[in-house]
Each structure stands twice: as structure tokens, then as C-alpha cells.
Amino acid sequence: MSSNDSDYKIVMIGDSGVGKTNLMMRFIRNSFSLEPKSTLGIEFATTNIKFDGKIIKAQIWDTAGHERHRDLPNAYYHGAVGALLVYDISQPSTFKNVGRWLTDLRKHANPDVVMTLVGNKSDLGHTRAVPTEEAKRFASENGLSFIETSALDAINVEFSFQSTLADSDQNDY
Ligand code: GDP
């Protein structure tokens with residue numbers, strides 16, 4: 001697959017299993033799958049988004065399973081204007097690793113990249129392991145926006161992508 005440089009590229013990062021693919025699929029196709037991915041998935045999908053009276057083309061990149069080996073290829077970050085750094089609110093280890101993902105992102109992405117910390121699986125409130133306040137604090141200390149989402153219940157998914165794109169747009173790419 002090749003990418004188009006004029007599109008708004010958003011990358012999904014975060015540990016395996018946090019729901020990156022499902023967030024993307026919910027956003028692009030309004031679909032959800034209960035099955036974990038069995039094989040390497042697609043690399044990116046595009047969608048037209050309307051905001052501020054104009055239509056922009058967003059290109060959402062999924063890690064396609066590479067994150068299991070920790071290092072994502074440099075090309076993954078290349079040209080990204082926004083990043084959704086996802087953890088699972090019911091799995092503390094995925095929140096602990098957010099710092100490492102952030103370091104990776106800062107090392108490889110454009111310095112102006114707009115970053116949103118996304119606490120996914122908010123529908124699993126009964127098994128919550130990462131307090132909202134703790135994540136909020138981490139986000140503000142590190143200059144990230146923050147939102148909790150549920151790809152399963154379609155809560156805040158559209159907003160998380162839209163607001164990342166809107167902030168990227170303000171950076172005037
Ligand atoms: P990825 O490895 O980060 O791309 O994660 P996936 O999108 O493949 O999701 C991993 C697993 O978590 C799958 O079994 C999904 O069905 C499940 N999952 C994803 N998002 C949610 C969510 O918002 N709520 C719940 N309860 N499960 C989710």
C-alpha cells in the first residue's frame with residue numbers, strides 16, 4: 001500500500017490488545033469485533049471527515065501487530081500529524097507502558113504531532129485498574145489531550161479522532 005502525503009495521517013500506538021484496531025474500525029466502518037486479531041492486519045484505512053465546513057481525508061494507521069515486537073518501523077511514524085496513544089483501563093501494564101510509547105513517538109514523529117492519550121474499554125468500569133484522575137494527570141504533565149473511550153459501546157470514539165484531527169489542522173499542515 002502507498003500513502004498520499006496530502007492526507008492527514010493519524011497513527012494508533014499502544015500495547016497489543018488495548019483495542020487499537022477496534023477503535024479504528026468503529027470510527028471508519030462503525031463495526032466491532034469480539035475476536036482478537038489472529039494475523040497481521042491492514043496497514044491503514046482512509047475516511048473523509050467533515051469539520052469546520054470542509055472535508056479532509058484522514059488516513060488512520062494501525063500497527064498491524066508489529067507492536068508485539070515493541071519496535072515499530074520508522075516509516076510507521078513518518079508524516080503523522082496526530083497519534084492516538086491507547087491503553088486499556090482494565091490492564092495496568094498497558095498504562096505503565098504509555099511512557100515508553102511516548103518516548104518512541106517523540107523520537108520518531110514530527111515534533112508538532114498532536115497526541116491524544118486514550119483510555120479504551122471504558123465499558124469495563126467494574127474491572128477498572130487505572131483511575132481516570134491518574135491518567136488525566138499523566139496527560140497534562142506530558143502535554144497530551146486525554147479521553148476515555150469504548151470501541152465496544154461506541155463511546156467517544158468519533159470524538160477522539162475528530163479532536164486529534166482538529167488540533168492537527170490548527171498546526172496548519
Ligand atoms: P489491538 O491489538 O490494540 O489492535 O486490539 P484489538 O482491537 O484487536 O482488541 C483486542 C481485544 O479487545 C479484542 O478481543 C476486542 O474485542 C477487545 N476490545 C477492543 N475494544 C474494546 C472495548 O472498548 N471494550 C471491550 N470490552 N473490549 C474491547
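For the structure, check the block above.
So, a few notes on the structure that sits alongside this text. (Residues numbered from 1 in each chain as written. Predicted model: local features only at pLDDT ≥ 70, side-chain atom pairs only at ≥ 80, totals over all residues.)

For the rest of this paragraph, the subject is the sheet that holds strand S5 (residues 114-120). The six strands lie next to each other as S2-S3-S1-S4-S5-S6, forming an open sheet whose pairing is mixed. Of all strands in the sheet, those with a lone pairing partner are strand S2 (44-51) and strand S6 (145-148), marking the two edges. Pairwise comparison of adjacent strand axes, ignoring direction, gives a mean angle of 25° for this sheet. Bridge count for strand S1 (residues 8-13) against strand S3 (residues 54-61) is four bridges, and the pairing is parallel. In the sheet register, Ile-10 faces S3, and the bridge partner there is Ile-60. Where helix H4 (residues 98-108) meets the sheet, its contacts fall on S1, strand S4 (80-88) and S5, and the angle it forms with S4 comes to roughly 165°. (Pairing = 2+ DSSP bridges. Helix = DSSP H or I, 4+ residues; strand = E, 2+ residues; numbered from the N terminus. Axes fitted to C-alpha atoms, helices over the stretch in contact; angles between N-to-C directions. Contact = placed C-beta atoms within 7 Å.)

This brings us to the site of the ligand. Near the ligand lie 18 residues; those nearest to it are Gly-19, Lys-20, Thr-21, Asn-22 and Leu-152. Element by element, the count of residues in the shell around the ligand is highest for helix H1 (residues 20-29), at three residues. Taken together, the residues that form the shell around the ligand break down as six nonpolar, eight polar and four charged. (Near = placed C-beta within 6 Å. Nonpolar A, V, L, I, M, F, W, Y, C, P; charged D, E, K, R; others polar.)

To continue, consider the nonpolar core. Ile-10, Val-11, Met-12, Ala-83, Leu-85 and Leu-105 are the most contacted members of the largest nonpolar core, which totals 42 residues. Non-local contacts of Leu-85, meaning those with residues more than four positions away in its chain, are made with Ile-13, Gly-14, Val-98, Trp-101, Leu-102, Leu-105, Met-115, Thr-116, Leu-117 and Val-118. (Core = buried A, V, L, I, M, F, W, Y, C linked by C-beta atoms within 7 Å. Buried ≥ 20, exposed ≤ 12 C-beta atoms within 10 Å, placed from the backbone.)

Geometry only, nothing functional implied.
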